[in-house]
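Commentary on secondary and tertiary structure
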Amino acid sequence: MSSVPHDHVVDGHAHDDHAHGHPTGIMRWVTTTNHKDIGTMYLWFSFIMFIVGGCMAFTIRAELFKPGLQVVDPEFFNSMTTLHGLIMIFGAIMPAAVGFANWQIPMMIGAPDMAFARMNNWSFWLLPPAAILLMLSFFVPGGAAAGGWTLYPPLSVQAGMGTDLTIFAIHILGASSIMGSINIITTLLNLRAPGMTLMKMPMFCWTWLITAYLLIAVMPVLAGAVTMLLTDRHFGTSFFNAAGGGDPVLFQHVFWFFGHPEVYILILPAFGIISQILPAFSRKPLFGYASMVYATSGIAILSFIVWAHHMFTTGLPTAGILFFMYATMLIAVPTGVKVFNWLATMWKGSITLETPMLFAIGFLFLFTLGGFTGLILAITPVDVQFQDTYYVVAHFHYVMVAGSLFAFFGGTYFWIPKWTGTMYDEKLGKIHFWLSFIFFNVTFFPMHFLGLAGMPRRIPDYAQQFADWNMIASIGAFGFGLSQLIFLYAVLKCVRGDGAKAPAKPWDGADTLEWTLPSPAPYHTFETPPVVK
Amino acid sequence: MTGSDPRLPDPAAADAKARLRAANRRTAALLFAIGAVFFFGFIASRVFADPATGMTVIGAAVLLFLVVAIGRNLRSRQ
């Protein structure tokens with residue numbers, strides 16, 4: 001791949017095309033090719049989907065507040081768990097990560113915009129139709145998909161029209177992700193400022209470069225699998241339909257070939273954000289930059305060879321089980337390198353505990369806990385016991401919520417002075433952190449106990465013995481959800497300019513290129529590329 | 001008067017922009033090709049119900065990418 005890092009230009013859309021008289025009002029947002037506008041739209045879209053997915057979680061936890069069926073019928077409950085997963089993964093976390101990438105990557109590498117500005121606009125505007133398709137599926141005969149976010153056959157082959165809409169939504173979301181990834185890789189490889197070699201890129205850019213490669217490798221596989229699911233449903237093929245000689249377990253293999261790297265697609269950008277925040281508030285450079293890059297690459301490569309640890313109970317051969325068990329455990333090595341480096345970055349640093357740093361430390365503590373339960377689940381005999389129990393639910397929420405989501409909250413507080421020109425309300429930020437931290441643990445820590453006691457996931461009713469911890473988890477979930485209104489209020493205050501004016505560089509230890517720009521960052525930045533030494 | 005008219009585009013800058021656009025498009029085409037190979041290769045391997053087909057498609061694609069990469073590298077050194 002060529003790298004011509006001089007005299008930047010954005011393909012098909014020279015950056016000075018819209019320097020004068022760009023549209024205002026709604027048309028500004030519909031037609032924009034500016035990476036900051038598109039980043040903002042991604043972030044708002046992801047927050048809206050976070051609220052939608054959160055309402056589904058409220059429904060789930062309301063139903064599980066006590067034993068028995070009292071709020072929704074079981075079929076609808078299954079749709080709630082399915083759509084909650086799909087919306088949080090594809091609608092909330094992934095677009096949030098792309099939103100951060102859009103805002104930050106060009107500014108961090110000294111580029112005027114993304115490499116393909118128009119494609120960037122298309123990437124975003126594919127998301128709302130996909131979200132609408134997912135929501136519409138509740139209103140079609142048979143209701144929304146209810147077989148779990150993994151869309152396993154035979155349920156997904158037999159289910160109603162809602163599954164078709166879900167499959168189309170996944171196609172659209174996949175196309176959007178692939179276009180976004182192509183854009184990010186091209187931007188990072190070809191539009192870096194003169195002097196910014198790959199090994200001088202900020203860690204956030206590195207983690208996104210690797211994430212984008214992961215997306216390009218696995219999204220087409222998921223798209224292929226769901227296409228075949230569609231042909232099984234409507235065109236008489238039998239790829240996964242056992243009645244016609246197909247193999248339902250094949251779908252599981254293919255799905256998790258996508259699904260496990262997807263976990264790292266969701267978490268690597270969060271790693272990148274944490275790697276920017278910790279040095280800034282420790283007032284020290286990131287410890288072991290090169291080893292961080294290699295560890296991130298190692299995690300990405302290993303993520304391709306561990307998929308069957310999600311399938312230990314499907315009857316894999318013993319040699320296969322051993323391979324996937326040890327390969328999964330191996331991921332702890334590069335992940336451990338990263339955690340060690342983050343701790344070493346903080347070691348003897350001049351640490352201050354502003355809100356972004358609190359979220360980063362919260363991430364470090366809780367994500368590591370989620371990583372440890374992942375290691376426990378990697379042990380096959382243990383996993384056979386815990387398969388499809390609440391222990392697994394606890395594990396992946398520690399990774400996804402306390403991992404990705406906490407990092408995104410931290411990243412928002414870290415960069416919002418640059419985005420809006422207004423400092424956030426530190427008191428609100430800290431209240432938001434502590435309520436989120438406490439209620440998160442109240443919600444998800446008891447799920448470990450429920451799982452250990454044998455409570456299965458994806459059920460609307462349960463035995464009396466699980467009642468107490470479920471009640472506590474539900475109280476925590478409502479508290480966690482409502483705490484996010486504080487975040488919304490804190491962000492809206494910044495957007496309205498209600499707060500102290502942000503200096504160009506509000507954080508002492510921040511040293512990446514975006515902090516050389518005024519706050520808020522001008523509509524067009526780095527039209528003349530900076531020279532990095 | 002000496003020197004060029006500042007209102008006219010600098011030919012060197014225009015050339016650099018054109019080269020950058022071409023580089024961007026080449027990168028995008030290569031990445032898109034990788035995605036397409038994974039998408040169609042996987043479906044093809046199942047349609048023909050032969051694991052060897054999948055391996056052949058992926059193997060051929062990897063070889064092709066390698067040949068193109070080596071060829072471009074050799075050309076850029078000339």
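Below, the structure is looked at part by part.

**Some points on the overall build of chain B**
On a plain count of helices and strands, chain B comes out with two helices and zero strands. Buried positions account for 22% of the 78 residues belonging to chain B. With an accessible surface of roughly 5600 Å², chain B has 69% of that area assigned to carbon and sulfur atoms.

**A few points about the layout of surface pockets**
Residue and element names in this part refer to chain A. There is about 630 Å³ of room inside the second largest pocket. What lines the second largest pocket is a set of 30 residues, and nearest its centre among them are Thr40, Leu43, Trp44, Trp419 and Val491. Only α1 (26–31), α2 (35–63), α3 (74–109), α15 (390–420) and α17 (467–495) provide two or more residues apiece to the lining of the second largest pocket. At eight residues, α2 tops the list of elements feeding residues into the lining of the second largest pocket. Class assignment of the residues belonging to the lining of the second largest pocket gives a composition of 23 nonpolar, four polar and three charged.

**As for the environment of Gly224 of chain A**
Along the chain, Gly224 of chain A turns up in helix α8 (residues 203–234). It is 9.1 Å that separates the C-alpha atoms of Gly224 of chain A and Val254 of chain A, two residues lying 30 residues apart in sequence.

**Some remarks on a nonpolar patch on the surface**
Together, Ile58, Val62, Leu63, Leu66, Ile70 and Leu74 of chain B make up an exposed nonpolar region whose accessible area comes to about 530 Å². Owing to a relative accessible area of 33%, Ile58 of chain B belongs among the partly exposed residues under this scheme.

**With respect to the side chain of His448 of chain A**
Residue and element names in this part refer to chain A. Examined against the element boundaries, His448 turns out to sit in helix α16 (residues 426–452). What makes His448 buried here is its relative accessible area of 7%. The residues touching His448, leaving out its near neighbours within four places in the chain, are Thr373, Tyr391, Ala394, His395 and Tyr398.

**Observations concerning the pattern of salt bridges**
Residue and element names in this part refer to chain A. Using the criterion set out here, one finds seven salt bridges over all chains in the structure. Of the charged contacts in the structure, one is a salt bridge between Asp37 and Arg28, with a shortest N-O distance of 2.6 Å. Note that Arg233 is salt-bridged to Asp164, the shortest N-O span being 2.7 Å. On the criterion of sequence distance, the pair formed by Arg233 in helix α8 and Asp164 in helix α7 (residues 161–190) is long-range, its members being 69 residues apart. Arg233 sits in the buried class, given a relative accessible area of 15%.

**Quick look at the nonpolar core**
Residues and elements named next belong to chain A. Residues Phe90, Trp208, Trp342 and Phe363 are the most contacted members of the largest nonpolar core, which totals 183 residues. Top contributing element to this core by residue count: α8, with 22 residues. Not counting residues within four places of it along the chain, the set of residues in contact with Phe363 comprises Ile267, Ala270, Phe271, Ile274, Trp342, Thr368, Ala402, Gly403, Phe406 and Ala407. Residues Phe312, Leu316, Ile321 and Phe324 belong to the second largest nonpolar core, which totals six residues.

**Some thoughts on the packing of α8 of chain A against helix α9 (residues 248–282) of chain A**
Residue and element names in this part refer to chain A. For the pair α8 and α9, interaxial distance at closest approach is 8 Å and the crossing angle is 160°. Between α8 and α9, the angle falls in the class roughly antiparallel. Considering only the axes of α8 and α9, their crossing is left-handed.

**Quick look at the side chain of His395 of chain A**
Residues and elements named next belong to chain A. The residue His395 is located in helix α15 in this model. The class for His395 is buried, based on a relative accessible area of 16%. A distance of 3.1 Å separates a polar atom in the side chain of His395 from a polar atom in the side chain of Thr373. With residues near it in sequence (within four places) discarded, His395 still touches Gly370, Thr373, Gly374, Leu377 and His448.

**Overview of the packing of aromatic side chains**
Residue and element names in this part refer to chain A. Here the structure, examined in full by the defined rule, presents 59 aromatic pairs over all chains. Judged by centre distance (5.3 Å) and plane angle (70°), the ring pair of Phe414 and Trp515 falls under edge-to-face. Remark: Trp515 occurs in the segment after α17 and Phe414 occurs in helix α15; sequence separation between them is 101 residues. Arg28 extends its terminal NZ or CZ atom over the ring of Trp29, reaching a point 4.4 Å from the ring centre.

**A short note on the interface of chain A and chain B**
Taken together, the contact pairs 32 residues of chain A with 24 residues of chain B. Note on chain A versus chain B: buried area summed over both sides is about 2400 Å², and carbon and sulfur give 73% of it. Counting every contact that joins chain A to chain B gives zero salt bridges. No other element matches the 10 residues that α8 of chain A contributes to the side of chain A that touches chain B. Tallied by class, residues from the side of chain A that touches chain B come to 22 nonpolar, eight polar and two charged.

**Points about empty space enclosed by the protein**
Residues and elements named next belong to chain A. Considering all chains together, one arrives at five cavities of 30 Å³ or more under this definition. Together, 14 residues line the largest cavity, and Tyr42, Met94, Val98, Ser176 and Ser177 are the ones closest to its centre. Going through the elements one at a time, α3, α7 and α8 are the ones with two or more residues in the lining of the largest cavity. It is α7 that provides the largest number of residues to the lining of the largest cavity, a total of six residues.

**Comments concerning α2 of chain A**
Residues and elements named next belong to chain A. For α2, with 29 residues, the first-to-last C-alpha span of 42 Å sits near the 42 Å given by 1.5 Å per residue. Counted residue by residue, α2 has 21 buried out of 29 residues, so it is predominantly covered. Two or three places before Lys36, at the opening of α2, Asn34 has a side-chain oxygen 2.7 Å from that residue's backbone nitrogen.

**Observations concerning the packing of helix α4 (residues 117–125) of chain A against helix α5 (residues 127–136) of chain A**
Residues and elements named next belong to chain A. Closest axis-to-axis distance for the α4/α5 pair is 4 Å, and the angle between their directions is 10°. In terms of axis orientation, α4 runs roughly parallel to α5. For the pair α4 and α5, the contacting residues are Ser123, Phe124 and Trp125 in the first and Leu127, Pro128 and Pro129 in the second. Along the lines of polarity and charge, the residues of the contact of α4 with α5 split into five nonpolar, one polar and no charged.

**What to know about unusual backbone geometry**
Residue and element names in this part refer to chain A. With an omega of 10°, the peptide bond running from Pro153 to Pro154 counts as cis. Position of Pro154 among the secondary structure elements: in the loop between α5 and α6 (155–158). The omega torsion across Ser519 and Pro520 is -5°, close enough to zero to call that bond cis. Despite not being glycine, Leu151 shows a phi value in the positive range, around 55°. Within the secondary structure, Leu151 sits in the loop between α5 and α6.

About the cut-offs
- Residues numbered from 1 in each chain as written.
- Chains lettered and ligands numbered in written order.
- Predicted model: local features only at pLDDT ≥ 70, side-chain atom pairs only at ≥ 80, totals over all residues.
- Heavy atoms only, no water.
- Helix = DSSP H or I, 4+ residues; strand = E, 2+ residues; numbered from the N terminus.
- Buried < 20%, exposed > 50% of the residue type's maximum accessible area, 1.4 Å probe, protein only.
- Areas by Shrake-Rupley, 256 points an atom, 1.4 Å probe, with all protein chains shown as cover.
- 1 Å grid on protein atoms, 1.4 Å probe; cavity = no way out; pocket = protein on both sides within 12 Å on 5 of 7 lines; lining within 4 Å.
- Points joined across faces, edges and corners; volume = space filled by probe spheres on them.
- Nonpolar A, V, L, I, M, F, W, Y, C, P; charged D, E, K, R; others polar.
- Patch = residues over 30% accessible without salt bridge, like charges linked within 9 Å, V, L, I, M, F, W, Y side chains within 5 Å.
- Salt bridge = Lys/Arg side-chain N within 4 Å of Asp/Glu carboxyl O.
- Contact = heavy atoms within 4.5 Å.
- Core = buried A, V, L, I, M, F, W, Y, C linked by side-chain atoms within 4.5 Å.
- Axes fitted to C-alpha atoms, helices over the stretch in contact; angles between N-to-C directions.
- Parallel < 35°, antiparallel > 145°, perpendicular 65-115°, else oblique.
- Left-handed = near helix turned anticlockwise from the far one by under 90°.
- Polar contact = N/O pair within 3.5 Å; in protein donor to acceptor, adjacent residues only side chain to side chain.
- Phe/Tyr/Trp six-rings, centres within 6.5 Å; stacked < 30°, edge-to-face > 60°.
- Lys NZ or Arg CZ within 6 Å of the ring centre and 35° of its normal.
- Buried area = accessible area lost by both parts, 1.4 Å probe.
- Expected span 1.5 Å × (residues − 1).

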